[in-house]
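# Summary of the model geometry
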Amino acid sequence: RPYKSILIAANDIKSIEALTPADLKYSMRLFGSGGFFGYFGLFANQKLGRYHIYAGNRVNPVLILTEKKKYVLTPTDPEGFIAAVKGLNQA
């Protein structure tokens, strides 16, 4: 991110799962950027409810659930990313 990094503590993560790009369809931007420089900010749709997205594109979305917020990220290797995050919670 150009302004400030987002930090999510490993012990705050309740679950992490891969999504499909279709899960992000019909999302409404509540606050943030909706496509020109990527997808950043607060969005909402019927399937996910309100969520914070930090993505350059909408390919390979991953949902991270914490106690207070939902985050959607788009790593280049979603399976490896999910395995790495789950490994942090086990350590």
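Here is a short report on the structure shown in this document. Residue indices follow the written sequence of each chain, beginning from 1 at its first position. It should be noted that, the model being predicted, local features are given only for residues of pLDDT at least 70 and side-chain atom pairs only at 80 or more, the latter also being counted only at that level, while totals for whole chains, interfaces and linings use all residues. Neither water nor hydrogens contribute to the side-chain values; these are computed over all heavy atoms in the structure.

### A short note on the sheet that holds strand E4 (residues 49-55)
Pairing is mixed across the open sheet formed by 6 strands, whose spatial order is E1-E5-E6-E4-E3-E2. In this open sheet, the two edge strands, each paired with only one partner strand, are strand E1 (13-18) and strand E2 (28-34). Pairs of neighbouring strands in the sheet enclose a mean axial angle of 20°, with direction left out of account. Pairing between strands is defined by DSSP: at least two bridges between them are needed. By the criteria applied, helices consist of DSSP H or I runs no shorter than four residues and strands consist of E runs no shorter than two, each listed in order from the N terminus. Bridge count between strand E3 (residues 39-45) and E4: 7 bridges; the pairing is antiparallel. Along E4, the bridge assignment pairs Leu42 with His52. The angle between two axes is taken between their N-to-C directions and runs from 0 to 180 degrees, where each axis is a line fitted to C-alpha atoms and a helix contributes only its stretch in contact.

### Some remarks on the nonpolar core
Within the largest apolar cluster, 10 residues are counted, these being Leu19, Leu24, Tyr39, Phe43, Leu48, Tyr51, Ile53, Ala55, Leu63 and Val72. At the level of elements, E3 and E4 are the ones that each hand at least two residues to this core. Per-element tally for this core: the top contributor is E4, with 3 residues. Other than its neighbours up to four places away in sequence, Leu48 contacts Leu19, Asp23, Leu24, Leu63, Lys70 and Val72. Residues belong to a common nonpolar core when they are buried Ala, Val, Leu, Ile, Met, Phe, Trp, Tyr or Cys residues joined through side-chain atoms within 4.5 Å. Summary of the burial criterion: residues with accessible area below 20% of their type's maximum are buried, those above 50% are exposed, and those between are partly exposed, where the area comes from a 1.4 Å probe applied to protein chains only. Listed in part, the 8 residues of the second largest apolar core include Ile13, Ile16, Val62 and Ile82. Contact definition: two residues touch when any of their heavy atoms are within 4.5 Å.

### A short note on the packing of aromatic side chains
Pairing of aromatic side chains here covers Phe, Tyr and the six-membered ring of Trp, requires ring centres within 6.5 Å, and sorts the geometry by plane angle: under 30 degrees stacked, over 60 edge-to-face, intermediate tilted. Applying the stated rule across the entire model yields 2 aromatic pairs. Measuring from centroid to centroid gives 6.2 Å for Phe43 and Tyr51, while their planes differ by 25°, and the two rings are stacked. Accessibility classification places Phe43 together with Tyr51 in one group, the buried group.

### Some points on the side chain of Thr74
Among the structural elements, Thr74 can be located in the loop between strand E6 (70-73) and helix H1 (78-90). Ignoring sequence-local partners within four residues, the contact set of Thr74 consists of Tyr54, Ala55, Gly56, Asn57, Arg58, Val59, Asn60 and Pro61.

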